[in-house]
Each structure stands twice: as C-alpha cells, then as structure tokens.
Amino acid sequence: MHSVCDAVMSTKEEAKRREGFKIALVQLSVGPDKAKNVAAAVSEIHKAKEKGAHVVALPECFNSPYGTKYFNEYAEEVPSGATSRALSRAAAEAGVCVVGGTVPERCGDKLYNTCTVWDDSGKLLAQYRKMHLFDIDIPNKITFKESEVLSAGDHVSTFDYRGVRFGIGICYDIRFPELAHLMAQQGCSMLLYPGAFNMTTGPKHWELLGRARANDCQLWVGLVSPARDTDAGYVAWGHTTLIDPWGQVKGQLDEKPGVIVEDIDLKVVEEVRSQIPIRIQRRTDVYDTVSKNK
C-alpha cells in the first residue's frame, strides 16, 4: 500500500511539474523601519496570491537597509526571529511558497546574509547563507566589504516545490558560474537570486550575468532587487528581471517598486536542453565541477 501511495504522489508531483507555475518577483522599497519593511513584504505576498502566484520571491535585505553598519542592528535568529515568523505566517495564510529574499541572520557570534524559503503551510523548506561575500574596490566608484561584518556560508541550497527544483544564490553569488552549475547538476529548473547590485555594477552586469547563468545552465533565472532609494547610503540598481532558459528577458522592472508576475513554462527547459544538449556533451573526462559540501 505504501508503494502505491508513493506512486500516486509521484504522479501528482509530475503533473504539477509539467503544468508549470506562476511566480511573483517583488521589488520592495526598503527603509530604516524594520516593522514597516516586513509589513510591506507580507502585504505583497498576499497581493501576489490574488494575482495567481504559486511562488513569491522577495529582494535581498528586504527588512533592513543594505550596508555593513546596519547588519548587526537588524540581525535576527533564523527561524525564531520576528521576520521569519512573519514570513512563515504569510506563506501559510496566502497558501504560497515564499522565497524570503535575505535578512541579516545572527547565529551565535556570527552574522550571515541569509535567504529563507517557506512552503504553503509555513514550514521552513530551505535556508541559504550567502557564500561569496561582496568585497570589491572600484576606484572613484565604490568600495564595499561585506566580510568586515558577515561570515560566508559553505553549503549549496536547493529545494523542491510543486514538483520543481529551485536553487538559491544571493547577489554576488551570481558572478560564480560554478555555483549555478552545481545547482543545475542537482536538477534545478530555476535559480533565484535576491540581490542588490549598485549603480556602478548594476547597469553593466545585472542583466548580463542573469542571462549568462540562464544560458549556461539552460534554466529559468529570477533576479530580485530592492527598489532604488537615492537617499540611501547604498543605492540599489533595481531592475528586477525574469529570464528564460534561452537567455531571453521575459519581464523586467525599472528602479521603482513593483512586481513581475509571470507563468513559468517548464516545457521550455526541456526544449532547450533537448535541442542544444550541452549537458550530455560536457567533457567530464577532462573537467568537472564538484561539490565539497560537508
């Protein structure tokens, strides 16, 4: 009987996978009031549900201004902190999967930039700590060092929802194709990158990198930014973007608050991979990408 039930569940999951799903990528305004930021995110989760979304993705640092001087003040434990509890409750009430952007996470004496994922019952599905810290120095443009405050994660994170496997990266992680390739190897059909590219790197690389990862890995990519606030110390580029497995932009916002709500057609993933079969043409006798997750 157990094997029959498993087979029925497997069939249902496969049917859901073939149907695809609707995703909402939410570009939020973020200010100094944490409670207001979280309330805005919860409101958008419910609005996205009304528009038919099955999955709702929030931006990087949606509950906190982005900046090393803010991370300690705004940090919370996961999953016991107030922001986590609010996301869990919103996911359950709306009946959607919530990819909770990122929050500064406190874990003992360390701080991480962390994405949480909640299923439609409010259960924590996944937790990903940003692996590649944003330490850059562009003369006369921008100098920023997350490592002054944050610690780096060391685990690849994927999760399954509606029969689909998703992978998570955060902002600077998108510059590292090895991470994306590992998630693709693990069966992902979509990668989500909450991120806050700035006014120097955003115009140059935000869309470029998203399209590159989609094309490299032959899957859907969602880039989710906070809205631009020119009065903030760190000014985000915005331009939340959805990209298909052909590397084509299917939806993009400007710098203002907004939301992309689009159907994700999973048949396109199979179409690209069958027509351009690079996944089975890799010379793994010569090179490979290997996970060293503990």
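Owing to the predicted nature of the structure, the values given are computational and were not obtained by experimental measurement.

1. Things to note about the overall build of the chain
Broken down by element type, the chain carries eight helices and 15 strands. What you see for the chain is a C-alpha radius of gyration of 18 Å, in line with the 19 Å of a compact globule of 294 residues. Taken along its principal axes, the extent of the C-alpha atoms in the chain is 55 × 45 × 40 Å. Expressed as a percentage of the 294 residues in the chain, the buried residues total 51%. As displayed, the chain has an accessible area near 13,400 Å², and 50% of this comes from carbon and sulfur atoms. Separation between the mean location of the 36 positive side-chain charges and that of the 38 negative ones in the chain comes to 1 Å.

2. Observations concerning the UniProt feature "domain: CN hydrolase" (unreviewed entry) in the chain
When the UniProt feature table is mapped onto this chain numbering, "domain: CN hydrolase" (unreviewed entry) sits at residues 21-266. With 26% helix and 30% strand, residues 21-266 has its two end C-alpha atoms placed 8 Å apart.

3. Considering the sheet that holds strand 12 (residues 220-224)
If you walk across this open sheet you meet the six strands as 9-10-11-12-13-14, and the pairing is mixed. The outermost strands of the open sheet, each flanked by one partner alone, are strand 9 (158-161) and strand 14 (249-252). The sheet shows a mean angle of 20 degrees between the axes of neighbouring strands, direction not considered. Where strand 9 lies against strand 10 (residues 164-168), four bridges are found, and the strand directions are antiparallel. Counted as the bridge partner of Phe-159 is Phe-166 from strand 10. Its contacts with the sheet place helix 6 (residues 201-217) against strand 11 (190-194), strand 12, strand 13 (241-243) and strand 14, and it is angled at close to 155 degrees to strand 12.

4. Comments concerning the pattern of salt bridges
Scanning the entire structure with this criterion turns up twelve salt bridges. What you see here is one network of salt bridges that share partners, running through Glu-60, Lys-130 and Glu-146.

5. A word on the packing of helix 5 (residues 177-185) against helix 6
Running from N to C, helix 5 and helix 6 point in directions that differ by 40 degrees, and their axes come no closer than 10 Å. Comparing their axes, helix 6 and helix 5 come out oblique. The interaxial crossing formed by helix 5 with helix 6 has right-handed handedness. Between helix 5, through Pro-177, Ala-180, His-181 and Ala-184, and helix 6, the contact on the second element is made entirely by Arg-213, Asp-216 and Cys-217. Class assignment of the residues belonging to the contact of helix 5 with helix 6 gives a composition of four nonpolar, one polar and two charged.

6. So, the side chain of Asn-198
Positionally, Asn-198 belongs in the loop between strand 11 and helix 6. Accessibility expressed as a relative area gives 4% for Asn-198, which makes it buried. A polar contact of 2.8 Å, which involves the side chain of Asn-198, links it to the backbone nitrogen of Thr-200. The residues touching Asn-198, leaving out its near neighbours within four places in the chain, are Phe-134, Ile-142, Pro-203, Tyr-234, Val-235 and Trp-237.

Cut-offs used in this document
- Residues numbered from 1 in each chain as written.
- Predicted model: local features only at pLDDT ≥ 70, side-chain atom pairs only at ≥ 80, totals over all residues.
- Heavy atoms only, no water.
- Helix = DSSP H or I, 4+ residues; strand = E, 2+ residues; numbered from the N terminus.
- Rg over C-alpha atoms; globule rule 2.2 N^0.38 Å.
- Buried < 20%, exposed > 50% of the residue type's maximum accessible area, 1.4 Å probe, protein only.
- Areas by Shrake-Rupley, 256 points an atom, 1.4 Å probe, with all protein chains shown as cover.
- Lys, Arg positive; Asp, Glu negative; His and termini not counted.
- Charge placed at Lys NZ, Arg CZ, Asp CG, Glu CD.
- UniProt positions renumbered as here; feature names shortened; annotations may be inferred.
- Pairing = 2+ DSSP bridges.
- Axes fitted to C-alpha atoms, helices over the stretch in contact; angles between N-to-C directions.
- Contact = heavy atoms within 4.5 Å.
- Salt bridge = Lys/Arg side-chain N within 4 Å of Asp/Glu carboxyl O.
- Parallel < 35°, antiparallel > 145°, perpendicular 65-115°, else oblique.
- Left-handed = near helix turned anticlockwise from the far one by under 90°.
- Nonpolar A, V, L, I, M, F, W, Y, C, P; charged D, E, K, R; others polar.
- Polar contact = N/O pair within 3.5 Å; in protein donor to acceptor, adjacent residues only side chain to side chain.

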